[in-house]
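Observations on the model geometry
Spelled out, the chains give:
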Amino acid sequence: MKYETQKVALPFFAVAMALFALQIVFGILAATVYVVPEFLAEAMPFHIMRMSHTNLLLVWLLIAFMGCTYYLLPEETETDIHSPMIAYVQLGIFAFAGAAALIGYQFEIHGGRHYLEQPLWVKILITVSFLMFLYNTSLTLLKGRKTAISMVLMLGLWLAAIFWLFAFYNPANLALDKLYWWWIVHIWVEGVWELIMASLLGYLLIKMTGVDREIIEKWLYVIVGLALFSGLLGTGHHYYWIGTPAYWQPIGSIFSTLEVVPFFAMLVFAFYMFWKGSRNHPNKAAMLWTLGCAAMAFFGAGVWGFMHTLSWINFYSHGTQVTAAHGHLAFYGAYVMLVLGVITYAMPQMRRVQPYNQILNMWAFWVMTSAMAFMTFTLTFAGVVQTHLQRVLGMRFMEIQAQLDVFYAMRLGAGVAMAIGVVLFLYAIFGPAREQVPATANVAADAD
Amino acid sequence: MGEGLTKAAARNIFYGGSLFFFLLFAALTVHSHWYIVNVSTDREGFTESVKLGKEVWEEHSCINCHTILGEGGYFAPELGNVWTRFGGRENPEGARAALAGWMRAMPTRSPGRRQMPYFDINDEEMDALIDFLEWTDRIDTQGWPPHPSG
Ligand code: HEM
Ligand code: HEM
Ligand SMILES: [Fe+2]
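Summary of the structure given here. These figures come from a predicted structure and were not determined experimentally.

1. Brief notes about the coordination of the iron atom of ligand 2
Residues and elements named next belong to chain A. Donor atoms from the polypeptide that coordinate the iron atom of ligand 2 comprise H53 (NE2) and H328 (NE2), at 2.0 to 2.1 Å from the metal. In this structure, the iron atom of ligand 2 is surrounded by six donor atoms whose angles at the metal cover 87 to 179°, and the resulting shape is octahedral. Taken together, the positions of H53 in helix α2 (residues 46–77) and H328 in helix α12 (residues 321–350) put the pair 275 residues apart, joining distant regions of the chain. Of the residues examined, H53 reaches a relative accessible area of 16% and is grouped as buried.

Okay, structure coming up:
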């Protein structure tokens, strides 16, 4: 850590990780209802658990992206953060808004569009916080060196904020509502967030592999270009059956298939740079998360996304457990692992110690990643059976669900394993630092 | 990666190409907006009551258990075509009474079965909600879902 103000990232990471833990708690509650239907049926019905689970995910990922940005910017721009005070205030507003929304949900104070259930005033606070964040970071960027990594990252964040504004537009016509709802949800995860992902991966790779910046940054532009060229029109894969014109079937099928390409490129990028790199960085755990992120994002978004993206397949699988399977692995691989990688990389430097608790951290990696993979498999099986019975044979929904119990029980088991992984990770990161370095590491190398 | 491609060229392709695809996407969205308003949804039937019904739908966040046109929670049945499933196309009065009765009978409390909560919905809101579901059932969804089972 070369710049004092990089420390601003620490409270962002702490808040994000606390909300992550809470997200998993609500996930386990919701998964329990699938196994024991009476569970909390009257105290906390399923829809409350589910909106708590998904909203916590979005809120903590956004807070974590902000933390990553505050950590990365001083090094990239070679100047300190414009105002640490704005950063703390802005975090306070965001965390307060998120907590208020979460508490409100328990008392049935919520909107009715999924992922966007926050009451209007919470949405406004989130916007205010985001604008303060953009002001603070953009000024930092303007003052300093403008690398491709920092430019692409900031562009991704600005665009994320701009598309968020569609959350304030809720047409009374249901089909129009859906048309613009995807301008947030899809354009975020399969468009502008990929800019954030690719630039953070690029940053980690420059730091840990020692590969030349020129090469990494050229790749970066190619990857984010592929992401937006495919991802914008790829939104069409949500416009098949919601009252939109039929031309979205070919357009959505073709362009969303091409969305696999940037994820594949990120996979090749990460492994190629790792192989090419000369530096033997001591933070093995951070390297593992970096490579794991590229790999699992490729499977979760690329492979599991492609599985149901062609219109003639989606006609049958649309809105089944197949979608839930894909949503989990894609979010986990692309964005959760990314953030955990940056945190693993940054924490030793913020705590001013050599990389610590690495073995434990790597255990957390394997436990969490296997749990999510297993959960994805069980939901995929459940979804394929559901698709066949409901969409091909035309059986009734509730009748079919009764036959899927075994998959839902296994999903709950995977959820518990996930929770164990999270506890291991939190302890590895925030617990007492012990020199725990894998035997192969080159400890002498500089921890930069 | 191709030696011929410089970083500056890669950057320019990124900015130019993204702008191009964004404009294309925005233009198609404008057309789709027009198409939804004028072609695929029932313009005459889009009454104040349907609009109120959507608000009732949102107030209780039905979407976090049910899908509607395939989007939402996967915990409970698809409702985009529930009007058809309840026989509303043949017998609208019967379907209306059955839907209201169904919602008012919740929760069933039958053991081992997923429960839907009881929602406090007055008669006017209930009518509006059902108007909304009926209107939604008429949206031209390119033939989806494949079966009335949703
Ligand atoms: C990191 C990137 C991605 C994330 C985080 C992600 C996440 C999600 C989520 C959460 C949903 C469910 C949305 C809902 O509530 O209805 C979804 C739906 C979908 N995703 Fe992705 N996705 C990603 C990338 C992709 C890619 C690259 C493809 C295609 C190759 C794809 C194809 C689809 C399709 C076809 C659906 C609709 C499923 C349905 O009809 O029910 N996704 N995605
Ligand atoms: C303990 C681990 C977890 C459990 C038990 C769990 C359980 C659940 C359940 C039961 C649902 C509702 C699905 C439905 O409507 O039927 C859900 C939705 C969702 N969860 Fe999780 N979850 C867990 C972890 C995660 C993680 C780590 C992420 C992000 C990486 C995540 C992202 C989502 C998303 C995006 C949805 C909405 C999916 C959609 O609408 O397609 N969950 N989860
Ligand atoms: Fe998508």
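Let us keep going from here.
2. With respect to the nonpolar core
Residue and element names in this part refer to chain A. Counting 198 residues, the largest nonpolar core has F20, W60, W188, W193, M197 and M368 as the members making the most contacts within it. Broken down by element, the residue count for this core peaks at 26 residues, all from helix α6 (residues 174–209). Once you skip the residues sitting within four places of it in the chain, W60 turns out to touch A16, M17, L19, F20, Q23, V336 and V339.

3. Looking at the packing of aromatic side chains
If you walk through the whole model with that rule in mind, you get 53 aromatic pairs over all chains. The interplanar angle of 65° and the centroid separation of 6.0 Å between the aromatic rings of A:F255 and B:F21 together place this pair among those described as edge-to-face. Of this pair, A:F255 sits in helix α8 (residues 248–258) while B:F21 sits in helix α1 (residues 7–40), each in a different chain. An aromatic cluster is built from A:F163, A:F166, A:Y169, A:Y180, A:W183, A:Y239, A:Y247, A:W248, B:F22 and B:F25, whose rings are joined through pairwise contacts. One cation-aromatic arrangement involves A:R50 over B:Y74; the distance from NZ or CZ to the ring centre is 5.8 Å. Lying over the aromatic face of A:Y356, A:R351 brings its terminal NZ or CZ to 4.7 Å of the ring centre.

4. Remarks on the environment of A:A198
All names here are of chain A. Here A198 lies in helix α6. Along the backbone, A198 and V423 are 225 residues apart, and their C-alpha atoms lie at a distance of 27 Å. Residues contacting A198, with those up to four places away along its chain left out, are L220, I223, V224 and M266.

5. Comments concerning the side chain of A:T378
For A:T378, the location among the structural elements is in helix α13 (residues 358–392). Not counting the four nearest positions on each side in its chain, A:T378 is found in contact with A:F407, A:M410 and A:R411.

6. Some words on the coordination of the iron atom of ligand 1
Among all protein atoms, only A:H326 (NE2) binds the iron atom of ligand 1, sitting 2.0 Å from it. In this model, the iron atom of ligand 1 sits 4.2 Å from the iron ion (ligand 3).

7. Points about the pattern of salt bridges
On inspection of all chains with the given rule, the structure shows 20 salt bridges over all chains. The shortest N-O distance in the salt bridge between A:R213 and A:E217 comes to 2.9 Å. Of this pair, A:R213 and A:E217 both sit in helix α7 (residues 213–234), separated by four residues, roughly a single helical turn. Ionic pairing is found between B:E134 and B:R138, a salt bridge with its closest N-O pair at 3.4 Å. Each member of the salt-bridge network shares a partner with another, and the members are B:D42, B:R96, B:D127, B:D131, B:E134 and B:R138.

8. Some remarks on the interface of chain A and chain B
Counting residues at the interface gives 82 residues for chain A, matched by 73 residues for chain B. In this assembly, chain A and chain B are joined by five salt bridges. For the pair chain A and chain B, the interface holds 35 residue pairs in polar contact (both at pLDDT 80 or more). Top contributing element to the side of chain A that touches chain B by residue count: α7(A), with twelve residues. Of the residues in the side of chain A that touches chain B, the class split is 48 nonpolar, 22 polar and twelve charged.

9. Quick look at a nonpolar patch on the surface
A surface patch of nonpolar side chains, amounting to about 430 Å² of accessible area, comprises A:L120, A:I124, A:V128, A:L165 and A:F168. Topologically, A:L165 is positioned in the loop between α5 (148–164) and α6.

10. Section: the site of ligand 1
Taken together, the neighbourhood of ligand 1 is formed by 27 residues, with A:N314, A:H318, A:G319, A:T323 and A:H326 sitting nearest. Residues within reach of ligand 1 are spread across chains A and B. Residue A:T323 places a side-chain N or O atom 2.7 Å away from an oxygen atom belonging to ligand 1. With respect to ligand 1, the side chain of A:H326 contributes an N or O atom lying 2.8 Å from a nitrogen atom. Of all the secondary-structure elements, those providing two or more residues to the shell around ligand 1 are α6, α9 (260–276), α10 (284–307) and α12 of chain A.

11. Digging into the state of the cysteines
What is meant by a disulfide is a covalent connection between two cysteines, made through their sulfur atoms. Throughout the structure, instances matching the rule amount to zero disulfides over all chains. With no disulfide of its own, A:C68 lies closest to A:C293 among cysteine sulfurs, the gap being 11 Å. Given a relative accessible area of 1%, A:C68 falls into the buried group. With no disulfide of its own, B:C65 has B:C62 as its nearest cysteine by sulfur position, at a separation of 8.6 Å. A relative accessible area of 11% places B:C65 in the buried class.

12. Digging into the site of ligand 2
Surrounding ligand 2, one finds 27 residues, the nearest of these being A:Y34, A:R50, A:H53, A:H328 and B:Y74. Neighbouring residues of ligand 2 are not confined to a single chain but are spread across chains A and B. Between ligand 2 and the protein, one listed contact pairs an oxygen atom with a side-chain N or O atom of A:R50 at 2.6 Å. Between ligand 2 and B:Y74 there is a distance of 2.9 Å, counted from an oxygen atom to a side-chain nitrogen or oxygen. For the shell around ligand 2, the secondary-structure elements that each account for two or more residues are α1 (9–35), α2, α12, α13 and α15 (405–430) of chain A. For the shell around ligand 2, a count of residues per class yields 16 nonpolar, nine polar and two charged.

13. A word on the packing of helix α3 (residues 84–106) of chain A against helix α4 (residues 120–143) of chain A
All names here are of chain A. Contact geometry for α3 and α4: axes closest at 9 Å, N-to-C directions at 160°. Considered as vectors, α3 and α4 are oriented roughly antiparallel to each other. α4 is crossed by α3, and the crossing has left-handed handedness. Listed contacts from α4 to I86, A87, V89, Q90, I93, F94, F96, A97, A100 and A101 of α3 are W121, V122, L125, I126, S129, F130, M132, F133, Y135 and N136. Here the residues of the contact of α3 with α4 sort into 17 nonpolar, three polar and no charged.

Conventions adopted
Residue positions within a chain follow its written sequence, with the count starting from 1. Labels are handed out in written order, letters beginning with A for the chains and numbers beginning with 1 for the ligands. Per-residue local features of the predicted model are confined to residues with pLDDT of at least 70, and side-chain atom pairs are confined, for both listing and counting, to 80 or more; whole-chain, interface and lining totals are unaffected and use all residues. For side-chain calculations, the full set of non-hydrogen atoms in the structure is used, while hydrogens and water are omitted. Sites may look incomplete because water is not among the atoms; the donors themselves are N, O and S atoms within 2.8 Å of the metal, or within 3.2 Å for Na, K and Ca. A four-donor site is classed as tetrahedral when every donor-metal-donor angle falls between 85 and 135 degrees; four donors are called square planar, and six octahedral, when trans pairs exceed 155 degrees and all remaining angles lie between 65 and 115, with any other arrangement labelled irregular. Counting from the N terminus, the helices are DSSP H or I runs at least four residues long and the strands are E runs at least two residues long. Classification of residues uses two cut-offs on accessible area relative to the type maximum, computed with a 1.4 Å probe and protein chains only: under 20% is buried, over 50% is exposed, and between them is partly exposed. Side-chain atoms within 4.5 Å link the members of a nonpolar core, which is a set of buried Ala, Val, Leu, Ile, Met, Phe, Trp, Tyr and Cys residues. Contacts were defined at the residue level, with two residues in contact if any of their heavy atoms lie within 4.5 Å. Only centres within 6.5 Å qualify two rings of Phe, Tyr or Trp (six-membered ring in Trp) as a pair; their planes then separate them into stacked at under 30 degrees, edge-to-face at over 60, and tilted for everything else. Only when the NZ of Lys or the CZ of Arg is both within 6 Å of the ring centre and within 35 degrees of the ring normal is a charge said to sit over the ring. Each reported salt bridge corresponds to a side-chain nitrogen of Lys or Arg within 4 Å of a carboxyl oxygen of Asp or Glu. Polar contact criterion, stated in full: a pair of N or O atoms within 3.5 Å, where within protein one must be able to donate a hydrogen and the other to accept it, and residues adjacent in sequence count only if both atoms are side-chain atoms. In the scheme used here, Gly and all other residues not listed as nonpolar or charged are polar, with Ala, Val, Leu, Ile, Met, Phe, Trp, Tyr, Cys and Pro taken as nonpolar and Asp, Glu, Lys and Arg as charged. Candidates for patches are residues over 30% relative accessible area with no salt bridge; among them, like charges are joined within 9 Å and nonpolar side chains (Val, Leu, Ile, Met, Phe, Trp, Tyr) within 5 Å. The Shrake-Rupley method, run with a 1.4 Å probe sphere, supplies the accessible areas, and residue values consider only the shown protein chains as cover. Throughout this document, a residue counts as near a molecule or strand when at least one of its heavy atoms sits within 4 Å of that molecule or strand. The rule for a disulfide is simple: a pair of cysteine sulfur atoms within 2.5 Å. To get an axis, a line is fitted to the C-alpha atoms, and for a helix only the part in contact is used. The angle between two axes follows their N-to-C directions and goes from 0 to 180 degrees. Any angle that is under 35 degrees is reported as roughly parallel, and any over 145 degrees as roughly antiparallel; angles of 65 to 115 degrees are reported as roughly perpendicular and all others as oblique. Helix crossings are classified by the rotation of the near helix relative to the far one: an anticlockwise turn of less than a right angle makes the crossing left-handed, while a clockwise turn makes it right-handed.

Honestly, it's all geometry; don't read function into it.
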